[in-house]
Amino acid sequence: MSRLHPAKEGAFLAFWRMLRRSLLWGADSILHGHWIKGLLLFSAQAALLSGIILTFPSLMKLPSLGTVPAERIWDPITRRNVWNDYDNSFLILLFGVTGIALIILFVVLCLRRGKASRPPSSLREDAARLLGPDFHKTMLLLPVTGVVLVMVIPLAVMILIAFTNYDRAHLVPTNLLSWISLSNFKQLTDLASGGAFAYAFPRVLGWTLTWAVTATLSCYIGGTLLAMLINRRSTRWKPFWRTCFMAAMAVPQFVSLLLMRNLFADVGIVNTLLKGWGVTDWLYRIGAIPTAGHIPFLTHPGWARGMILAINLWVGIPWQMLVATGVLLNIPRELTEAARIDGAGALQVFRRITLPYLLHITGPSLISGMVTNINNFNVIWLLTRDIYVTTDQQMAAAGATEVDLLVTWLYRLTQDQSNYKMASVIGILVFAVCSAITLTAFTRLTRDGKEAAFR
Amino acid sequence: MRTFLRHALLALLASVWLLPILWLVLTSFGVDEGPNITRFFPEEYTLSHYAELLRPDSISSFPTWFVNTLIVAVFTCVISTAFVLMTAYAMSFLRFRFRRGLMNMAVILNLFPGFLGMIAVYFILREAGLTNSLTGLIIVYSAGASVDYLIAKGFFDTVSPSLREAAWVEGANEWVVFTRIILPLSKPIVVYTVISSFLYPWMDFVYASLIMSSGVASDKTVALGLFSLVDKVNRNRYFARFCAGGVVVSVPISVLFIIMQRFYVEGITTGAVKG
């Protein structure tokens, strides 16, 4: 029998076509006469494969993080000491992770191409699809690529660093890193041996959470109330009021915050004025300040925290006012007017229409605002850097202060102490602590049913 | 009476918000070089701090800082605005397979402290020779901007989808719908996105201090530069110059704000098919 059974031949051909489509990109297009598209697909595959080949050596070294330490060796030709061909543990991590991402991308694309059953389309048809049913691809290609390159891959690398010994004693590229499994995490819970990190972590975490909730809610409520105050029909000079508050926002934070820190300095103008008015002495008599002579606005743990929250209101309320104004103006007039005609009072209109509408639109921003505040660096840093010095020895040993958020602690650990492994551990814990709460709230707020509610 | 009280309250609040700015302006025109700690109004007024600002020395190099930041801000503004609006539009109006997955992914990414990933980005940029360069800073500010699409999406959710259907009947493709119909109707959120992404490089201190870490005066952005003027060593000599710099930076930004505010109010109140 020289010929295959027709049905079997059909199955075989289909299999061959699938294999060709998935592994040899562009071949089908060229067979169908779409030369340009075929070549484009082919070069895409070539680029992807060469990326995988280039990163493959690093991928293989991932388990050891490199074995050749950096050293200067004598080069007889140039008669100089030159660096040997050493392993750079950080680059091994980076390229290893990139290699894994490329391999996943390649496999996914191969599988998807293999599954497609319709004959290859021409470039013109593709363009039509990208402006029609596939428009999401057009819109998301560049944004998503950007996010993967500067967020996803770097984050993956930093997460891996939490399991290595990357600190001041092991700096890349002069040292090789090695995997040390969970011992960095154990430092945070190891209270028994008197570890500074175990002492500092719950304190910093507690203040971070207090700060995030208080700062977000106070700015949200304050900004919304302000927007409503300004947008009331009987309020005159609306643009003027808005401009006043926006002027405060227009001054960049580092200017306004650095200014604030000089206003409220121990030897600053507010202290001078309050002392002249006798407020400082009075506060000292009732025991609100520990030392006579000045109010420690930004140098005493309690006062500094209060001032940070208060100054944050000054910074945050104009922003929220701007957002709330936009949403308030966007409320369908018919809704509120119909309600008024039906005899609803101002309070009822607010409770039944304005508030639900506002929450629906700005709800997600409230949650993301809380996360932003957990990661809010500017306010704390600009107000307290170089001014606030902790007197708590154990906090100082861990590189933290009472006013530090987890994220400013993270910054201190990397910039002042080069302690990348602990910084990475703290970063992961920031994520772990808020992700559970946030994901629940987020999925509840963006459920599709609700998205359609106001359409 | 209640209306009067409301206006009084607004006036009080406005003065709380404007007093620090007034102090900034007064100090920049005052004769003292350091911060004046005894009186709110300076004894005498002078323009000399502004003149000094334009003459670079080893510590203060304001004209360079300003140009650096402006370049970064313009590029960041264009790229970020495009990324944010495109992502928000896709997530709000389009329905596709990985939509929910990508949205959750953005939330997860936002849960990590941005600075964590930036440490790795810094090392990568250093390998590529892009630290202490404006290009590196633009990449850092704009490439990941689209994860902050939620506010814009919240706004797009209030725009009626019937507008898009009407446009399809007219034979418009998705790109035309996006740029000619939805975006003009969404001026407030476009303006908001433009403002916030343009301001980001002016406001940011942390990433700039990470990427532009050479300490050379001409490598700094406005934020880094002005910060260096009020550190412990320089504060008493440069504080007034810091204030002058703050005023100079804030003036163009405020003007921009007021122009944009006009768009902002008009944008939505003019008629469109809503609801």
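Calculation notes
Each residue is numbered by its place in its chain's sequence as written, counting from 1. Note on labels: chains are lettered from A, ligands numbered from 1, in written order. Selection of residues for local features in this predicted model requires a pLDDT of at least 70, selection of side-chain atom pairs for listing and counting requires 80 or more, and totals for whole chains, interfaces and linings are taken over all residues. Only hydrogens and water are set aside; all other atoms, that is, all heavy atoms of the structure, feed into the side-chain values. The numbering of helices and of strands both runs from the N terminus, where a helix is a DSSP run of H or I of at least 4 residues and a strand a run of E of at least 2. Here a residue-residue contact requires only that any non-hydrogen atoms of the pair lie within 4.5 Å. The Shrake-Rupley method, run with a 1.4 Å probe, gives the accessible areas here. Residue values count only the displayed protein chains as cover. By the counting rule applied here, Lys and Arg register as positive and Asp and Glu as negative, while His and the ends of each chain are not counted. All charge positions are set by atom: Lys at NZ, Arg at CZ, Asp at CG, Glu at CD. What gets called buried area is simply the loss in accessible area from a 1.4 Å probe that two parts show on being joined, summed for both. Residues are sorted three ways: Asp, Glu, Lys and Arg are charged, Ala, Val, Leu, Ile, Met, Phe, Trp, Tyr, Cys and Pro are nonpolar, and all the rest, Gly among them, are polar. Nine residue types can take part in a nonpolar core, namely buried Ala, Val, Leu, Ile, Met, Phe, Trp, Tyr and Cys, and a core is a set of them joined through side-chain atoms within 4.5 Å. The buried label goes to any residue with under 20% of its type's maximum accessible area, the exposed label to any with over 50%, and the partly exposed label to all in between, with areas taken from a 1.4 Å probe on protein chains only. Note that domain bounds follow an automatic or database assignment of domains. Axis geometry follows a simple rule: fit a line to the C-alpha atoms, using only the stretch in contact for helices, then measure angles between N-to-C directions, giving values from 0 to 180 degrees. Crossing handedness is defined as follows: a turn of the near helix away from the far one that is anticlockwise and smaller than a right angle gives a left-handed crossing, while the clockwise case is right-handed. In protein, a polar contact means a hydrogen-donor-capable atom and an acceptor-capable atom, both N or O and within 3.5 Å, with residues adjacent in sequence counting only if both atoms are side-chain atoms; elsewhere, any N or O pair within 3.5 Å suffices. Should DSSP find at least two bridges between two strands, the strands are taken to pair. When the centres of two rings from Phe, Tyr and Trp lie within 6.5 Å, Trp using its six-membered ring, the rings pair. Their planes under 30 degrees apart give stacked, over 60 give edge-to-face, and anything left gives tilted. Placement of a positive charge over a ring is assigned whenever Lys NZ or Arg CZ falls within 6 Å of the ring centre and within 35 degrees of the normal to the ring plane. Here, a salt bridge means any Lys or Arg side-chain nitrogen found within 4 Å of an Asp or Glu carboxyl oxygen. For every residue, the predictor states its confidence as a pLDDT score lying anywhere from 0 to 100. The span one expects for a helix is its residue count, reduced by one, times 1.5 Å. Patch members must show over 30% relative accessible area and no salt bridge, and they are joined within 9 Å when carrying like charges or within 5 Å when they are nonpolar side chains of Val, Leu, Ile, Met, Phe, Trp or Tyr.

## Points about the overall build of chain B
Line of reasoning, step 1. Along the backbone of chain B there are 13 helices and zero strands.
Line of reasoning, step 2. Going from the N terminus to the C terminus, chain B shows its helices and strands as α-α-α-α-α-α-α-α-α-α-α-α-α.
Line of reasoning, step 3. In terms of overall dimensions, chain B has a C-alpha envelope of 70 × 65 × 30 Å along the principal axes.
Line of reasoning, step 4. Taking the contacts inside chain B whose residues are at least 6 apart along the sequence as the reference set, 73% of them involve residues at least 24 apart.
Line of reasoning, step 5. Counting only carbon and sulfur atoms, one obtains 67% of the accessible surface of chain B, whose full area is about 11,400 Å².
Line of reasoning, step 6. Both charge centroids of chain B, one from 20 positive and one from 16 negative side chains, sit 9 Å from each other.

## Section: the interface of chain A and chain B
Line of reasoning, step 1. Each partner contributes to the interface: chain A provides 103 residues, whereas chain B provides 107 residues.
Line of reasoning, step 2. Taking both sides of the interface into account, the surface hidden between chain A and chain B amounts to around 9,600 Å²; carbon and sulfur atoms contribute 77%.
Line of reasoning, step 3. Here the side of chain A that touches chain B takes 16 residues from helix α6 (residues 135-161) of chain A, the largest share from any one element.
Line of reasoning, step 4. The class makeup of the residues in the side of chain A that touches chain B is 68 nonpolar, 25 polar and 10 charged.

## Looking at the nonpolar core
Note on soluble globular proteins: their nonpolar side chains tend to be buried together.
Line of reasoning, step 1. Trp409 of chain A together with Tyr89, Phe156 and Phe242 of chain B are the most contacted members of the largest nonpolar core, which totals 206 residues.
Line of reasoning, step 2. Ranked by the residues each element gives to this core, the list is headed by helix α8 (residues 196-231) of chain A, at 16 residues.
Line of reasoning, step 3. Two domains share this core, each providing at least three of its residues, namely domain 1 (6-67 + 91-155) and domain 2 (184-451) of chain A.
Line of reasoning, step 4. If we ignore the near neighbours within four places in the chain, the residues touching Phe242 of chain B are Phe254, Val255, Leu258 and Leu259 of chain A together with Leu226, Leu229 and Val230 of chain B.
Line of reasoning, step 5. Of all hydrophobic cores here, the second largest spans six residues; its members include Trp25, Leu48, Phe106 and Cys110 of chain A.

## Focus on the packing of helix α3 (residues 62-93) of chain B against helix α10 (residues 187-203) of chain B
What describes two packed helices is the angle between their axes and the distance between those same axes.
Residue and element names in this part refer to chain B.
Line of reasoning, step 1. Contact geometry for α3 and α10: axes closest at 7 Å, N-to-C directions at 145°. When you trace α3 past α10, the crossing you get is right-handed. Contact residues: Phe66, Thr69, Leu70, Val72, Ala73, Val74, Thr76, Cys77, Ser80, Thr81, Val84 and Leu85 in α3; Val190, Thr193, Val194, Ser197, Phe198, Pro201 and Trp202 in α10.
Line of reasoning, step 2. Residues belonging to the contact of α3 with α10 are distributed by class as follows: 13 nonpolar, six polar and no charged.

## Let's talk about the side chain of Asp87 of chain A
All names here are of chain A.
Line of reasoning, step 1. In this structure, Asp87 sits in the loop between β2 (80-83) and α4 (89-115).
Line of reasoning, step 2. Since its relative accessible area comes to 7%, Asp87 is described here as buried.
Line of reasoning, step 3. Here the side chain of Asp87 touches Thr67 through a polar contact of 2.8 Å, landing on its backbone nitrogen.
Line of reasoning, step 4. Each residue touching Asp87, except ones within four places of it in the same chain, is listed here: Lys61, Gly66, Thr67, Val68, Ile92 and Leu176.

## Here we look at the pairing of β2 of chain A
All names here are of chain A.
Line of reasoning, step 1. Across four bridges, the pairing between strand β1 (residues 72-75) and β2 is antiparallel. Paired with Ile73 across the strands is Val82, a residue of β2.
Line of reasoning, step 2. Counting the residues in the hairpin turn of β1 and β2 gives four residues, including Arg79, whose phi is positive at 55°.

## A look at the side chain of Thr216 of chain A
Residue and element names in this part refer to chain A.
Line of reasoning, step 1. Following the sequence through the fold, Thr216 ends up in helix α8.
Line of reasoning, step 2. Using a relative accessible area of 7% as the deciding quantity, one classes Thr216 as buried.
Line of reasoning, step 3. Polar side-chain contacts of Thr216 include one of 2.9 Å to the side chain of Asn373.
Line of reasoning, step 4. Thr216 has contacts with Trp211, Leu366, Gly369, Met370 and Asn373, leaving out every residue within four places of it along the chain.

## Side note on the packing of aromatic side chains
Line of reasoning, step 1. Under the definition given, this model contains 36 aromatic pairs over all chains.
Line of reasoning, step 2. Each residue in the set Phe135 of chain A together with Tyr89, Phe93, Phe156, Trp175 and Phe178 of chain B is aromatic and connected to the rest through ring pairs, giving one cluster.
Line of reasoning, step 3. Residue placement shows Arg203 of chain A over the ring face of Tyr199 of chain A; its charged tip is 3.7 Å from the ring centre.

## Topic: the pattern of salt bridges
Residue and element names in this part refer to chain A.
Line of reasoning, step 1. Within the structure shown, the criterion is met by 14 salt bridges over all chains.
Line of reasoning, step 2. The residue Arg20 makes a salt bridge to Asp28 at a minimum N-O spacing of 2.6 Å.
Line of reasoning, step 3. Here Arg20 falls in the buried class, since its relative accessible area comes to 16%.
Line of reasoning, step 4. Residues participating in the shared-partner salt-bridge network are Arg20, Arg21 and Asp28.

## Brief notes about the confidence of the model for chain A
Residues and elements named next belong to chain A.
Line of reasoning, step 1. With 94% of its residues at a pLDDT of 70 or more, chain A shows a mean pLDDT of 84.
Line of reasoning, step 2. For chain A, the element scoring lowest by mean pLDDT is helix α20 (residues 448-451), at 46; α6 scores highest, at 93.
Line of reasoning, step 3. Across residues 448-455, confidence stays below pLDDT 50; counting only partners more than four residues off in sequence or on other chains, it has 23 contacts.

## Description of the domain arrangement of chain A
Line of reasoning, step 1. What the domain assignment reports for chain A is domain 1 (6-67 + 91-155) and domain 2 (184-451).
Line of reasoning, step 2. Computed over C-alpha atoms, the centres of domain 1 of chain A and domain 2 of chain A are 44 Å apart.

## Observations concerning the environment of Pro173 of chain A
Residue and element names in this part refer to chain A.
Line of reasoning, step 1. Considering the arrangement of structural elements, one finds Pro173 in the loop between α6 and α7 (183-189).
Line of reasoning, step 2. Considering only alpha carbons, one finds Pro173 and Tyr86, 87 residues apart in sequence, at a separation of 8.5 Å.
Line of reasoning, step 3. Residues within four places of Pro173 in sequence aside, it is in contact with Ala70, Tyr86 and Asn88.

## Here we look at the environment of Val169 of chain B
Line of reasoning, step 1. Relative to the helices and strands, Val169 of chain B is located in helix α8 (residues 162-169).
Line of reasoning, step 2. Along the sequence, Val169 of chain B and Gly245 of chain B sit 76 residues apart, while their C-alpha atoms lie 54 Å from each other.

## Considerations on helix α12 (residues 222-229) of chain B
Line of reasoning, step 1. By the criterion of burial, α12 of chain B is predominantly enclosed, with eight of the eight residues buried.
Line of reasoning, step 2. Within α12 of chain B the residues assigned to the buried category are Val222, Ala223, Leu224, Gly225, Leu226, Phe227, Ser228 and Leu229 of chain B.

## Some words on helix α9 (residues 238-250) of chain A
Line of reasoning, step 1. Taking 1.5 Å per residue as the helical rise, α9 of chain A with its 13 residues ought to reach 18 Å, and the 18 Å between its terminal C-alpha atoms agrees with that figure.
Line of reasoning, step 2. Taken together, the buried positions of α9 of chain A are Trp241, Arg242, Cys244, Phe245, Met246, Ala248, Met249 and Ala250 of chain A.

## Quick look at a positive patch on the surface
Line of reasoning, step 1. The grouping of Arg232, Arg233 and Arg340 of chain A together with Arg2 of chain B at the surface amounts to a positive patch.
Line of reasoning, step 2. With respect to the helices, strands and loops of the structure, Arg233 of chain A is situated in the loop between α8 and α9.
Line of reasoning, step 3. For Arg233 of chain A, a relative accessible area of 66% puts it in the exposed group.

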